[in-house]
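# Analysis of the macromolecular model
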Amino acid sequence: MRIVEDAAALPTVKAIGECGIDFAKSSATADVQETVLHRHITLSESVGKPLVLHIVKGQEIVMRMRKELRPLQPWIVHGFRGKPEQARQYIAAGFFLSFGKRFNTEALLATPLDRILLESDEENAPLTEHYARVADILSMPIEELAMLIERNCSIFGF
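Below you will find a few notes about this structure.

All right, on to the environment of Pro141 then. If you trace the backbone, Pro141 turns up in the loop between helix H6 (127-137) and helix H7 (142-154). Owing to a relative accessible area of 44%, Pro141 belongs among the partly exposed residues under this scheme. Along the sequence, Pro141 and Thr35 sit 106 residues apart, while their C-alpha atoms lie 43 Å from each other.

And the structure:
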């Protein structure tokens, strides 16, 4: 783990992750996944960098860990595809939500603008297409959305 800790401390590293809980694809037990996630949370806190989370059917564990550990660093749910109620739960707990190509439109609309991030790692289409679609859903000019996302990303030093 020392190599990971040393790398995480580098100024070029902007966040810790993608890490988390995945009960759909991972063969690791819940205990193993929780132990590894706890180590990543500790690392995020020790180097003062946000945590990027991959969560599939593990929301309860992640929410419990956030409540118990009370991290100071922001947590970002990567590739959020949940429903509006789940989005509201994450937002109430202090998370940021990052929306990729596939997402629930109502969940996007339920997310406060200052908690929205966009990502492109699951698609080959130009990022401008993703921005145009999201801007249309949010009823704002694409330039305004770009400024919003840039402002939200600046919180993390991205």
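Next, the rest of the story.
Let's shift gears to the packing of aromatic side chains. By convention here, two paired aromatic rings are described through the distance between centres and the angle between planes. If you walk through the whole model with that rule in mind, you get seven aromatic pairs. Geometrically, the ring pair formed by Phe80 and Tyr90 is edge-to-face, given 5.8 Å between the ring centres and 90° between the ring planes. On the criterion of sequence distance, the pair formed by Phe80 in the loop between strand S3 (75-77) and helix H4 (84-92) and Tyr90 in helix H4 is long-range, its members being ten residues apart. Comparing Phe80 with Tyr90 shows no difference in burial state: the two are buried. Look at Phe99 and Phe103: their rings are 5.7 Å apart centre to centre, the planes differ by 75°, and that puts the pair in the edge-to-face class. Above the ring of Trp75, the side-chain terminus of Arg66 is found at 5.0 Å from the ring centroid.

What counts and what doesn't
- Per-chain numbering applies: the sequence of each chain, read as written, is numbered from 1 onward.
- Since the coordinates come from a predicted model, pLDDT governs what is reported: local features require at least 70, and pairs of side-chain atoms require 80 or more to be given and counted, while whole-chain, interface and lining totals use all residues.
- Only heavy atoms go into the side-chain values, all of them from the structure, while hydrogens and water stay out.
- Secondary structure elements follow DSSP: runs of H or I of four or more residues count as helices, runs of E of two or more count as strands, with numbering from the N terminus.
- Three exposure classes are used, based on accessible area relative to the maximum for each residue type with a 1.4 Å probe and protein chains only: buried under 20%, partly exposed in between, and exposed over 50%.
- Classification of ring pairs rests on two measures: the distance between centres of Phe, Tyr or Trp rings, Trp counted by its six-membered ring, which must be within 6.5 Å, and the angle between planes, read as stacked under 30 degrees, edge-to-face over 60 and tilted in between.
- For a lysine, the NZ atom is tested; for an arginine, the CZ atom; a charge sits over a ring if that atom is within 6 Å of the ring centre and within 35 degrees of the ring normal.

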